[in-house]
Amino acid sequence: MFQIKFKDGMGRVGKLETKHGTITTPALMPVIHPRKQTIDVKELGAEIVITNAYLIYKDEDIKKKAIEEGVHNLINFPGPVMTDSGSFQLSVYGDVEIGNKEVIEFQELIKSDIGTSLDIPTAPYVSKEKAEEDLKITLERAKEAKKFRDDNGFELLLNSVVQGSTFPDLRSYCASELAYLGSDLYPIGAVVPLMEMYHYDQIVDIVMSSVSHLPDSKPRHLMGAGHPMLFALAVAMGCDLFDSAAYVLYAEDDRFLSPRGTYKLENLLEMPCSCEICSNYTIDDLKSMEKSERSQLIAKHNLYVSLAEIKLIRQAIYEGSFLELVEERCRVHPNLLNAYRRFSHYNDEIELYDPRSKKSAFFYTGSESINRPEIKRHLNKLRTFKKKKNLVLLPSFKKPYSKNVPNNLGDFYIYGEENKINLKNTDFMVVDIPFCLIPLDLDEIYPLSQNEYPKTKDLAAVNEIEKILSEFIPQYKQILIHNKLAKEYNLNLYRIYPDSNLIKYEKNDVNKIIAIADYQFGFGAGEALFNGKIKIEKSKKTGKIRHIYCDGELIANMRASDSFFILSKEGAKRLHTSFKSPCLRVIVNSDSEPFAREGKSVFSKFIVDCDENIRSNDEVLIVNENDQLLAYGKALLCYSEMMDFKVGQAIKTRKGFK
Ligand code: GUN
Ligand code: ZN
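Residues numbered from 1 in each chain as written. Chains lettered and ligands numbered in written order. Predicted model: local features only at pLDDT ≥ 70, side-chain atom pairs only at ≥ 80, totals over all residues. Heavy atoms only, no water.

J.: A description of the site of ligand 1 should follow, citing residues and the corresponding values.
T.: Ligand 1 sits among Asp84, Ser87, Phe88, Asp119, Pro121, Gln163, Gly189, Ala190 and Met223. Taking Asp84, its side chain carries an N or O atom lying 2.6 Å from a nitrogen atom of ligand 1. Here ligand 1 has 280 Å² of accessible area as a free molecule, and 95% of this is covered by the chains. Residue composition of the shell around ligand 1, grouped by class: four nonpolar, three polar and two charged. (Near = heavy atom within 4 Å. Polar contact = N/O pair within 3.5 Å; in protein donor to acceptor, adjacent residues only side chain to side chain. Areas by Shrake-Rupley, 256 points an atom, 1.4 Å probe, with all protein chains shown as cover. Nonpolar A, V, L, I, M, F, W, Y, C, P; charged D, E, K, R; others polar.)

J.: Quick rundown of the packing of helix α18 (residues 373–384) against helix α19 (residues 459–472)? Include the residues and the values.
T.: In the contact formed by α18 and α19, the axes pass within 12 Å of each other and the chain directions differ by 10°. In this view, α18 runs roughly parallel relative to α19, as classed from their interaxial angle. Counted together, Lys376, Leu379, Leu382 and Arg383 of α18 and Glu464, Ile468, Glu471 and Phe472 of α19 form the full contact between these two elements. Class assignment for the residues of the contact of α18 with α19 results in four nonpolar, no polar and four charged. (Axes fitted to C-alpha atoms, helices over the stretch in contact; angles between N-to-C directions. Helix = DSSP H or I, 4+ residues; strand = E, 2+ residues; numbered from the N terminus. Parallel < 35°, antiparallel > 145°, perpendicular 65-115°, else oblique. Contact = heavy atoms within 4.5 Å.)

J.: Kindly report on helix α10 (residues 228–236), identifying the contributing residues and their values.
T.: Burial runs high along α10: nine of the nine residues are buried. Along α10, the residues that are buried comprise Pro228, Met229, Leu230, Phe231, Ala232, Leu233, Ala234, Val235 and Ala236. At the C-terminal side of α10, Gly238 shows a positive phi close to 100°. (Buried < 20%, exposed > 50% of the residue type's maximum accessible area, 1.4 Å probe, protein only.)

J.: I'd like to hear about the coordination of the zinc ion (ligand 2), residue by residue, with values.
T.: Bound to the zinc ion (ligand 2) are the protein donor atoms Cys273 (SG), Cys275 (SG), Cys278 (SG) and His301 (ND1), situated 2.1 to 2.3 Å from the metal. Viewed at the metal, the four donor atoms of the zinc ion (ligand 2) are separated by angles of 101 to 116°, and the geometry they form is tetrahedral. In primary-sequence terms, the residues that donate to the zinc ion (ligand 2) follow C-x1-C-x2-C-x22-H. (Donors = N, O, S within 2.8 Å, 3.2 Å for Na, K, Ca; no water. Tetrahedral: all angles 85-135°; square planar, octahedral: opposite > 155°, others 65-115°.)

J.: Any details on helix α16 (residues 334–343)? Residues and values, ideally.
T.: Taken as a whole, α16 has its buried residues at Leu336, Leu337, Ala339, Tyr340 and Phe343. Seen from one end, α16 has its buried residues packed into an arc of 155°, which puts them on one side. (Arc of directions from axis to C-beta.)

J.: Describe the side chain of Glu444, listing the residues and the values that go with them.
T.: With respect to the element layout, Glu444 can be found in the loop between β18 (436–439) and β19 (451–452). A relative accessible area of 8% means that Glu444 is categorised as buried. Apart from the residues within four sequence positions on either side, Glu444 is in contact with Pro400, Ser402, Lys403, Ser449, Gln450, Lys512, Lys544, Asp562 and Ser563.

J.: Tell me what's going on with the sheet that holds strand β17 (residues 426–432), and back it up with residues and numbers.
T.: One open sheet holds the six strands; their spatial order is β18-β17-β15-β20-β16-β21, and the pairing between them is mixed. Edge positions in the open sheet fall to β18 and β21 (495–496), since each of these has one partner strand only. When strand β16 (residues 412–415) meets β21, the two strands line up antiparallel, connected through two bridges. Bridge pairing in β21 links Ile414 to Arg495. Running over the sheet, α18 touches β17 and β18 and is turned about 60° from β18. Sheet contacts for α19: β15 (390–394), β17 and β18; angle to β18, the most-contacted strand, approximately 55°. (Pairing = 2+ DSSP bridges.)

J.: Explain the nonpolar core to me, and be specific about the residues and the numbers.
T.: In this structure, Val41, Leu222, Leu233, Phe242, Phe322 and Phe343 are the most contacted members of the largest nonpolar core, which totals 103 residues. The element best represented in this core is helix α14 (residues 291–319), accounting for nine residues. Excluding anything up to four places from it in sequence, Phe322 contacts Asp8, Gly11, Ala232, Val235, Ala236, Ile313, Ala316 and Ile317. By size, the runner-up hydrophobic cluster in this structure holds 80 residues, among which are Ile503, Phe530, Met558 and Ile587. (Core = buried A, V, L, I, M, F, W, Y, C linked by side-chain atoms within 4.5 Å.)

J.: Please provide a residue-by-residue account of the sheet that holds strand β31 (residues 649–656), values included.
T.: As summarised here, the arrangement of the six strands in space is β27-β31-β30-β29-β26-β28, forming an open sheet in which the pairing is mixed. Looking at strand neighbours, the two that pair on one side only are β27 (602–603) and β28 (607–610), the edges of this open sheet. Both strand β29 (residues 619–623) and strand β30 (residues 629–635) contribute to a ladder of five bridges, which runs antiparallel. Paired with Leu621 across the two strands is Tyr632, which belongs to β30. Seen against the sheet, helix α23 (residues 569–578) touches β26 (585–588), β29, β30 and β31 and runs at an angle of roughly 105° to β30.

J.: Residue-level account of the packing of α10 against helix α15 (residues 322–329), with values.
T.: Between α10 and α15, the shortest axis-to-axis distance is 9 Å and the interhelical angle comes to 135°. In terms of orientation, α10 lies oblique with respect to α15. α10 and α15 meet at a crossing whose hand is left-handed. Counted together, Ala232, Leu233, Val235 and Ala236 of α10 and Phe322, Val326 and Arg329 of α15 form the full contact between these two elements. Here the contact of α10 with α15 is composed, by residue class, of six nonpolar, no polar and one charged. (Left-handed = near helix turned anticlockwise from the far one by under 90°.)

J.: Describe in detail the packing of aromatic side chains, supporting the description with residues and values.
T.: This model, assessed by the stated rule, comprises 14 aromatic pairs. Aromatic side chains Phe6 and Tyr318 sit 4.8 Å apart centroid to centroid with 80° between the ring planes, which places their arrangement in the edge-to-face category. With Phe6 in strand β1 (residues 2–8) and Tyr318 in helix α14, the pair connects residues that are 312 residues apart, well separated along the chain. Under the relative-accessibility criterion, Phe6 is labelled partly exposed at 36%. Note on Tyr318: relative accessible area 38%, which makes it partly exposed. With 6.1 Å between their ring centres and 45° between their planes, Tyr632 and Phe657 make a pair best called tilted. Placement of the pair is Tyr632 in strand β30 and Phe657 in the segment after β31, with a sequence separation of 25 residues. Among the residues examined, Tyr632 registers a relative accessible area of 2% and is labelled buried. Just above the ring of Tyr57 sits the side chain of Lys63; from NZ or CZ to the centre is 4.1 Å. A cation over a ring is seen here: Lys535 above Tyr549, with NZ or CZ 4.9 Å from the ring centre. (Phe/Tyr/Trp six-rings, centres within 6.5 Å; stacked < 30°, edge-to-face > 60°. Lys NZ or Arg CZ within 6 Å of the ring centre and 35° of its normal.)

It is worth stressing that arrangement in space is one thing and function is another; only the former is reported here.
Structure, rendered in C-alpha cells:
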C-alpha cells in the first residue's frame, strides 16, 4: 500500500495506494469542512484531502447524506479521503459524544479511505504522570480500533496516532507499541500547540524520537502542521503527509502563507507570488472586497503555495538537493534554524537513510552544513581505513585535486621525531572544507569532489577541521604539513622541514582503484578485486578511468558521475569469495531465486536478511540462504527499509547468474 520511489536524507518520495486511487507523497491534505467548504481543492491540485468524521457524525443532515452517498460525494472529492476522529475536538472541548469503536464503524460506513481512532492529544509540557495516563488510553484505543477493524473485515485503512506530549521516551515507547500493532499509517499528534509557540526544536525531538521507532514501510503524518515553512524540515525527519486547515484559517485573518513565513495583507506592498490570485488581483482590489470574497481568494493563494512547496520538496528529493532546500527553508526564522541545529543531533540516524550517491553536488550553505550526514559518513569511513606510517597534508587546490597537484608544492613543516620520511609509506591528504580530510586517491568519488563551498571560511568549518586534524594526526608517525595549513588551522607545534622539494605526490592508478574499492566495499576489496595482471582503460575524451580488467577479464566499470565502481560478473564473484556473509549481501528466499538469476529486480518481500551497512545506491550481492551468489545490483533502499517493506522493489538487479 506504500512504496518508496526516491530518497534523500530521511526524506522520501513515495506512492500511497488507497481504494480511491494512488497518490504521490509527500502530500498535503487540505482540510475540508464538511459543511462550510467553498474552495475546490482538486482544481488547485490536491490529490488527497482530510475531513472530520466527528463533525459529520454530529450533524444530522450531512450525516444522512454521508451514510447514503459516502463521504466522497458529501465533500465532492473523488480521490482518497482521510478522516479524523474528533480527538482534536476532544482536546479543545474536553469531551466528545462518540466512542472509539463507534467512530471507527462510522468512518467505515461513510467509506472513508483512511480512518483514525480516538486518540488523546496530550498537551505539551504536562507532568509525566498525566502524559503516561493519557498515553495508556491512546494505546488501548489504537489496539481496540485495530482489532475491531480486523474482526469486522472493514476496508478502512487505519491511522494510529503517536502521542506522549513532550517526553521523547514516551513518544518512542508509543511508536514502538503502535509499530508492533501493525497499523497502516502513523500520524504524530499534539504538535499544534508547539507550532503555535514556535517551539520547533521540541517538534524535532518529538518527531525524531517517534519516527526512529516507527516502521519505514508506513507513511507518517505530522498532524496539524499546515504551514509551508515547516514542510521541508518535517519531510527531512521522515514525514510523508501533512494536513492544512491553515490555508483557510490564515485567510480568514487576511494572512498570506509562504515558505518564508506569513504576510499580513495590511503590510503588503506587492502581491506575494505569481499564482493565479496574485497575478489577477492587486492589493487594493483585495482590500476593497467583501471579507468573505477576499478570504476565499487568499485561501486559494495559501493552498497554491502550500501545494507548490510540496512539489518543490519532491523535486529536490528526486534530484538529490533536498538537504540544501531544508537548509534554505530553516533560515526563515531563528527558531527554525534552532530546530535544524537540533536535527543534526540525530545525524547517526539520518546517515543510515541517506543515499550513498546523489544526482546533485553537495552545496555548503552555511556553518550548519558542516554537520551534514555525508561529512560524518566520510570521516567515519576514514576512521576504519588502514593508515600508513606517515601523513602529508596538503592545502586545497583546484578539483579534482589529484590531477592538479602543483609540481613544486612549497614549504612544509614536520611533526615527529625524525627529519626524513619515507614517501612510499605515506598517506597524502588534502585538507579542505567541508569534508576535512580527502585522501588524494579518493578525491574523485562522491561527494568528495562533487561539492561546493564559499571561498571564505567560517569558524564552524575551521573548528571542525582542527578537531579532525587533532584526532587523525596522532595516528601517524611523521606528519608533513604544508605551510599554508599550519597558519590556517592553528598548527604551530611544527618544525620547518628541510627537504620540502622532495615531496611529490606520485599519481598511481592502481593505488587509486584499490583505495576506491576499499572505500566503497570495505577494506580488502581492492586486493580481492584487482588480483592478477591489471589493465586500466580510460576514456579518450576525459582521461578518466572507465574499465578495469584483470588477466583479460572485466572486473569493474567506474561510473563517470561519482567514480564508484559497478561490478562485472567476475567482480561480483571475487567480492563474494573474499567477504564473508552477510557482508555486502542481500539474502533472498527460494521464491525469489529464479527471478534473481534471470536478472529481474528483487522485491522487498523476498528478502530474508541483509548487511546492516547497506545504504541506498550501494552495489550489493544477491545471495540465497546457502550463500550462493544469484545476482548483483544496485540497492534502492537501505538496510532497515529492505527488512521492513513487504511491497515494492528493493534492488535493481544488474546481472544474474543462471
Ligand atoms: N489534529 C491535530 N492534532 C491531532 C492529534 O493529536 N490527534 C488527532 N486525532 N487529530 C489531530
Ligand atoms: Zn499567490
